[in-house]
Amino acid sequence: MATFVLVPGFWLGAWAWREVTVALRSQGHEVHPMTLTGLAERDHLAGPTVTLDTHTTDIVRLIEVEDLRDVLLVGHSGGGMPVAQAADRVPDRVARVVYVESGPLPDGTAQFDTVPPAEQERLRAAIGDGHLLPPPAWDPAADPTNLAGLDEPTLALLRARATPQPLRTATDPVRRTGNHPVPTALVASTFPLSVVQQMIREEHPFFTGLAAGQLHELPTGHWPMLSEPKALADVLDLIARS
């Protein structure tokens, strides 16, 4: 069976992968859900010195200390950036990078670069002089696409447990050498697969380096580990067996 390392997106910790972890382990896989520095139970470590490189090192050190090999390294949303960098650093230990509602941003691109200018201004106004990016309101009326599939108890859980994101993990650019490319896969939930395929053909920077043959569609909102955990685990299991 496969060895998974599960990296959450912004504002979340390993807790968000709980049901996916249970399902994958029941299928016989070894699973390591992660909480990155400054978030969830590690939010006491948040500070201006927590960077995208800090989160990359978190992932690399877990893989090295646990002596993990042939890893399926899964990055959700903003977790795709440190995952891409980690795979670039230890390509001999990573069998495949799986981007869930994410993509391998090109070298020199930050997460903030993918956000429209008006939204960047709104976020910077909310941050002020601070070093933390506040979580969203988790209001399905305001964000029905991304929050699709989440019931009220899950939304309440997100409101209670989401923690501010260290800002530099969003503003630091991804740095990738590309010297040792690792195979990839994509799980798309809010983008129809036909749109993703078109963007790949057009060489859209959000999907730079994605292989067209390992694309999977799981229609739901932006947080499939919470809205469709069993279905997501089944897709990850399929990728592991392919």
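Above this text is the structure in question.
This report concerns the structure included in the present document. No experiment lies behind these values; they were computed from the predicted model shown. (Residues numbered from 1 in each chain as written. Predicted model: local features only at pLDDT ≥ 70, side-chain atom pairs only at ≥ 80, totals over all residues. Heavy atoms only, no water.)

Within the protein one finds nine helices and eight strands. The C-alpha radius of gyration of the protein comes to 17 Å, within 12% of the 18 Å expected for a compact globule of 242 residues. When the backbone C-alpha atoms are referred to their principal axes, the protein occupies close to 45 × 40 × 40 Å. The buried share of the protein, taken over its 242 residues, is 53%. Restricting to contacts in the protein with at least 6 residues of sequence separation, those with at least 24 account for 77%. For the protein, the exposed surface amounts to about 10,700 Å²; the carbon and sulfur share of it is 52%. Taken as two groups, the 18 positive and 29 negative side-chain charges of the protein have centres that lie 4 Å from each other. (Helix = DSSP H or I, 4+ residues; strand = E, 2+ residues; numbered from the N terminus. Rg over C-alpha atoms; globule rule 2.2 N^0.38 Å. Buried < 20%, exposed > 50% of the residue type's maximum accessible area, 1.4 Å probe, protein only. Contact = heavy atoms within 4.5 Å. Areas by Shrake-Rupley, 256 points an atom, 1.4 Å probe, with all protein chains shown as cover. Lys, Arg positive; Asp, Glu negative; His and termini not counted. Charge placed at Lys NZ, Arg CZ, Asp CG, Glu CD.)

Taken across its six residues, strand 3 (residues 71-76) has six buried, putting it largely inside the fold. Burial along strand 3 is two-sided: V71, L73 and G75 and L72, V74 and H76, pointing in opposite directions, are all buried. Taken together, the five bridges between strand 1 (residues 3-7) and strand 3 define a ladder with parallel strand orientation. Paired with F4 across the two strands is L72, which belongs to strand 3. Note: strand 3 against strand 4 (residues 94-100), six bridges, orientation parallel. Residue G75 lies in a different strand from strand 4, and its bridge partner there is Y99. Regarding topology, helix 3 (residues 80-89) serves as the crossover connection from strand 3 to the parallel strand 4, and that connection is right-handed. (Pairing = 2+ DSSP bridges. Right-handed = clockwise from strand over helix to strand, strands pointing away.)

Right, let's talk about the environment of T190 for a bit. Residue position: T190 is located in the loop between strand 7 (184-188) and helix 7 (193-201). Remark: the alpha-carbon pair of T190 and H29, spanning 161 residues in sequence, is separated by 27 Å. If near-sequence neighbours (up to four positions away) are discounted, T190 is found in contact with E101, T145, N146, T220, G221 and H222. At 2.6 Å, the side chain of T190 and the side chain of E101 are in polar contact. (Polar contact = N/O pair within 3.5 Å; in protein donor to acceptor, adjacent residues only side chain to side chain.)

On to empty space enclosed by the protein. A full pass over the atoms with the stated rule returns one cavity of 30 Å³ or more. Reported here for the largest cavity is a volume of approximately 50 Å³. Contributing to the lining of the largest cavity are 13 residues, with F10, L36, H55, G78 and Q165 lying nearest its centre. Residue composition of the lining of the largest cavity, by class: seven nonpolar, six polar and no charged. (1 Å grid on protein atoms, 1.4 Å probe; cavity = no way out; pocket = protein on both sides within 12 Å on 5 of 7 lines; lining within 4 Å. Points joined across faces, edges and corners; volume = space filled by probe spheres on them. Nonpolar A, V, L, I, M, F, W, Y, C, P; charged D, E, K, R; others polar.)

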